[in-house]
Amino acid sequence: MSLIITSPLRGWASALDSVPDPVFAQRMMGDGVAIQPLGDTVFAPFDGEVVTLHDAGHAISLRSTEGAEVLIHIGLDTVMLKGEGFTSLVAIGQKVARGDPLIQFDLDAVALAATSLITPVIVTNAEAFAISRRTIDCAIGACEALMTLVPVQAETRHRSDDGTVVEHKVTLSLPHGIHARPAARIGEAARGFEAEVYLLNGDKRGDARSTVGLLALGTRFGDEVVVQARGDDAEAALAAIVALLNSDMGEAASAAAQAPAVAIEPLRDGQIGGVIASPGLAIGPTARLRQAEIAVARDGSGAAEERAALLAARNDVRGRIASRADSESSSVAAVMQAHLALIDDPELLAGADTRIADGSSAGFAWRGAIHDQIDAIRATGNAHLIERIDDLVDIERQLLSVLTGTPLDGAVLPAGAIVVADDLLPSQLMTLAAAKPAGICLSRGGPTSHVAILCAGMGLPAIVAMGDGLSAVEDGTPLLLDAEMGHLTVAPSPADAEAFTARLAKREARRDAAKAAANDACQTADGTRIEIFANIGTADDATLAARQGAEGSGLVRSEFLFLGRDTAPSEDQQHAAYQAIADALAGMPVIIRLLDIGGDKPAAYIPIEAEENPALGQRGIRVALANPALLETQLRAILRVEPVGQCKIMIPMVANIDELRQVRVLVDRLRAELRISEPVEVGVMVETPAAAMTADLLAVEADFLSIGTNDLTQYVLAMDRGNSAVAAGVDAMHPAVLRMIGETCRLATARGRWVGVCGGLASDPAALPILIGLGATELSAVPGFVAEAKQIVRSLTLIEARAHAELALQCKSAAEVRALARAFEETRR
């Protein structure tokens, strides 16, 4: 016999996936329908009895005469309104008929105060009733048919225990007692065990798996609750539920307001704040780096002689850069390839030659050509192009050093020092790296600059955008570099130095333990599988990643093969590179990002007309689709890798589903031509707000989604990561960016697609619990962080991570999120 549930409200009916709260959207409490209310009265959806009615008046559950239990939860986070705006019209235990008024609420007042008015209507005893029909994506009137329920065969739970009951008393720290959200989390945890678990509050007893049963306990903050468990895994079940009840499940921070009150520790005297570019801790003396000017003569000694001098210096520098590109890791190689492209840039060479013809010296001509380009780039106001200015200055100084015989800065540096400078050029950092500095502090720069990327790849703690206060720090001054909290302590007290040293030792011990367990399986403490991959560019990177315990590669930067060349690599050259990576990661997934050229990564042989704002023009997949022969060659090279299917294809900078469809059609055609019958996965990189907000549409046709947080952060915050005036604000932990990530995960997961993160945020230890809590199930980090990332995941429960992520989304700034993350880490040490 079916049961018709009528709508308790007038409004717009939609699927639970539309609810911006994972407790409801992920159906932790049960299945149902969400209603965006247009009326102010809640009506009984069937004949039955009021089972629970929250003191705050925002939630009510009823049991029908057939035994179906339904929860109606008016709005989100409305428990925090403490009853304001709600009027209960019934009482617990009261019999009601379909259509009887249950609750009235002030629609306008609640809408202004609540996170959302959307009202989930949930069938909480899914073990007894299933939804056979539902009304969604349309307007609905109160008392119109909303769902049809049918009874299901109850599963018989087999118990082979000896009848022993274990129990434990817990004093509730939940500020509002066990209401809907905590009840869902308790139920989710209890369902992970075979044991029967009950909670007792006075003379009331509720099944831990039953939302209604838990709500009916009528608990309040400070109540002493007894948890009882019986069954083969009773001890484990008891421990899990007690641990959950001993926490506030993310509720305490929002008891007084909807956003968590996070204490951001103010800087003390002697501390200088900045932006974390590469996380870590370091202690050491100051090694100040001052960039000396390289003087060049204005007038030349004749065009032929100056041209020869410029050519010789250019060949010398080019050889050094090429050598580094071939011998270093992919993060270094990426920068070196960009430098090769610049030193071969025809406009630079033509500009210098014109000046030499006019009588200038080689050095003066080279400097003039470089600065013409710098002025033109600054005039665009474009984030990606402005980021290239440091690279231009870098190759300017390298070539002038050879022309004039002037040694570059940073050749001599005491080991273990903390380098302090206004800014650093990539080549300077690589020279400094040989001296093994302990860390880097810069007055300027941004967290996604080339120097920041290099520091992260080297595992070198770094803080950037520290401002003018850094200029007063003198050589040799003792420093404590905290690239977890984002500040530098100058001339610390003995007590501060001792405490910091102990903290550093603990961190090193954790890293050593992580390395020892690098090859162990990676799952959360409560058994959720999380894959930890590595971002790579070469076969050597892949070998290193495998040694660190990587379970595959979530990002192969294929553009390394294309930069610093006069012509595009052939199909065979590409295939050889991809096959070598696949062989180094034998049996593991390898996700190859298609050619990501344009913006800050130009290639001379790919014609792109001058654009006013290249970051919003020809970039990523747009360039590839505009050059079909180039794209087809790369796809054929990937498809030829054996075994077929190990290499997956990822499309960069996607903004609409048509781009995915065009690539998919091409892949299918090439598979047919190559006689490949096995499927090859094609996914998208989420780097634009457009992709994030249409993740559900993309997920219908993509095999996976992977979030590139570096570009996504810039586009969401509208901040130029190369502009020192705003670089300090370019932080992927900004709540707006995290909400974009969370929405991507929610929308894609609802369509059955997994979501990964392959941007810089996946290498930030403070961010990992939040990313997992938001729904990411694959994280691709720099190879050196893989082992530590796996250790962090193993220490978490999914419930902890979700609660932590929910609090992060309510923060008001990136600084608040980082303070919250630090507090979360400290409570778990």
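Structure shown above.
Rules used throughout
- Residues numbered from 1 in each chain as written.
- Predicted model: local features only at pLDDT ≥ 70, side-chain atom pairs only at ≥ 80, totals over all residues.
- Heavy atoms only, no water.
- Helix = DSSP H or I, 4+ residues; strand = E, 2+ residues; numbered from the N terminus.
- Buried < 20%, exposed > 50% of the residue type's maximum accessible area, 1.4 Å probe, protein only.
- Areas by Shrake-Rupley, 256 points an atom, 1.4 Å probe, with all protein chains shown as cover.
- Core = buried A, V, L, I, M, F, W, Y, C linked by side-chain atoms within 4.5 Å.
- Contact = heavy atoms within 4.5 Å.
- Pairing = 2+ DSSP bridges.
- Axes fitted to C-alpha atoms, helices over the stretch in contact; angles between N-to-C directions.
- Parallel < 35°, antiparallel > 145°, perpendicular 65-115°, else oblique.
- Left-handed = near helix turned anticlockwise from the far one by under 90°.
- Nonpolar A, V, L, I, M, F, W, Y, C, P; charged D, E, K, R; others polar.
- Expected span 1.5 Å × (residues − 1).
- Arc of directions from axis to C-beta.

## As for the overall build of the protein
So, point 1. From N to C terminus, the protein includes 27 helices and 34 strands.
So, point 2. Across the 829 residues that make up the protein, the buried fraction comes to 55%.
So, point 3. Here the protein has roughly 32,500 Å² of accessible surface; of this, 52% comes from carbon and sulfur atoms.

## Let's talk about the nonpolar core
One recurring pattern in soluble globular proteins is that nonpolar side chains are buried together.
So, point 1. Counting residues in each nonpolar core, the largest one holds 94 residues, and the members touching the most others are Leu594, Ile649, Leu705, Ile741 and Leu779.
So, point 2. In terms of residue count, the dominant contributor to this core is helix α23 (residues 735–749) (seven residues).
So, point 3. The residues contacting Ile741, other than those within four sequence positions of it, are Ile707, Thr709, Leu712, Leu761, Leu771 and Leu774.
So, point 4. Val19, Met28, Leu174 and Ile186 belong to the second-largest nonpolar core, a separate cluster that totals 43 residues.

## Thoughts on the sheet that holds strand β27 (residues 531–536)
So, point 1. Taken in spatial order, the eight strands close into a barrel running β27-β28-β29-β30-β31-β32-β33-β34, and their pairing is parallel. In this sheet, adjacent strand axes meet at a mean angle of 30° when their direction is disregarded.
So, point 2. The sheet contact formed by strand β32 (residues 705–707) and strand β33 (residues 755–757) spans three bridges and is parallel. In the strand pairing of β33, Leu705 is matched with Val755.
So, point 3. Along the sheet, helix α16 (residues 571–584) makes contact with β27, β28 (553–557), β29 (590–593) and β30 (647–651), crossing β29 at roughly 150°.
So, point 4. Sheet contacts for helix α19 (residues 657–673): β30 and β31 (682–686); angle to β31, the most-contacted strand, approximately 155°.

## Thoughts on the packing of α23 against helix α26 (residues 798–810)
So, point 1. Close contact between α23 and α26 brings their axes to 8 Å; oriented N to C, the two are set at 130°. The orientation of α23 relative to α26 falls into the category oblique. The interaxial crossing formed by α23 with α26 has left-handed handedness. Note on element contacts: α26 touches α23 through Ala808, Leu809 and Gln810, opposite Pro735, Leu738 and Arg739.
So, point 2. Taken together, the residues of the contact of α23 with α26 break down into four nonpolar, one polar and one charged.

## Focus: the sheet that holds strand β24 (residues 462–464)
So, point 1. Pairing is mixed in the open sheet, where eight strands are placed in the order β19-β26-β25-β21-β22-β23-β24-β20. The sheet is open, and its two edges are formed by β19 (271–273) and β20 (275–278), each paired on a single side. Within this sheet the neighbouring strands show an average axis-to-axis angle of 30°, counted without direction.
So, point 2. Looking at chain direction, β20 and β24 are connected through three bridges and run antiparallel. Looking at β24, one finds that Ile276 is bridged to Ile463.

## Focus on unusual backbone geometry
Trans peptide bonds make up the majority, and among non-glycine residues the majority have a negative phi.
So, point 1. Cis geometry marks the peptide bond from Glu642 to Pro643; its omega dihedral reads 0°.
So, point 2. Checked against the element boundaries, Pro643 lands in the loop between α18 (628–639) and β30.
So, point 3. Phi is positive for Asp137, which is not a glycine, with a value near 60°.
So, point 4. Following the sequence through the fold, Asp137 ends up in the loop between β12 (129–134) and β13 (138–140).
So, point 5. Owing to a relative accessible area of 54%, Asp137 belongs among the exposed residues under this scheme.
So, point 6. Phi is positive for Cys143, close to 75°, though the residue is something other than glycine.
So, point 7. Within the secondary structure, Cys143 is located in the loop between β13 and β14 (145–151).
So, point 8. Its relative accessible area of 36% is what places Cys143 among the partly exposed residues.

## Section: the pairing of strand β7 (residues 69–73)
So, point 1. The buried fraction of β7 amounts to five of the five residues, a majority that puts the element mostly inside the structure.
So, point 2. Alternating residues of β7 divide into Glu69, Leu71 and His73 and Val70 and Ile72, and every residue in both groups is buried.
So, point 3. When strand β6 (residues 59–64) meets β7, the two strands line up antiparallel, connected through five bridges. Looking at the pairing, Ala59 lines up with His73 of β7.
So, point 4. Here β6 folds back onto β7 in antiparallel fashion, the turn holding four residues, of which Gly67 has a positive phi close to 100°.
So, point 5. Pairing analysis gives three bridges linking β7 to strand β11 (residues 119–123), with the strands arranged antiparallel.

## Quick notes on α18
So, point 1. An ideal rise of 1.5 Å per residue puts 16 Å on 12 residues; α18 measures up with 16 Å between its terminal C-alpha atoms.
So, point 2. Here α18 has its buried residues at Leu630, Leu631, Gln634, Leu635, Ala637, Ile638 and Leu639.
So, point 3. Of the surrounding elements, those touching the buried residues of α18 are α16, β29, α17 (621–626), β30 and α19.

## Comments concerning α16
So, point 1. With 14 residues, α16 extends 20 Å from end C-alpha to end C-alpha; this agrees with the ideal 20 Å at 1.5 Å per step.
So, point 2. Taken residue by residue, α16 has Gln574, His575, Tyr578, Gln579, Ile581 and Ala582 as its buried positions. In an axial view of α16, the angular spread of the buried residues amounts to 160°, which keeps them on one side of the axis.
So, point 3. Residues of α16 that are buried in the fold lie against β27, α15 (539–547), β28, β29, α18 and β30.

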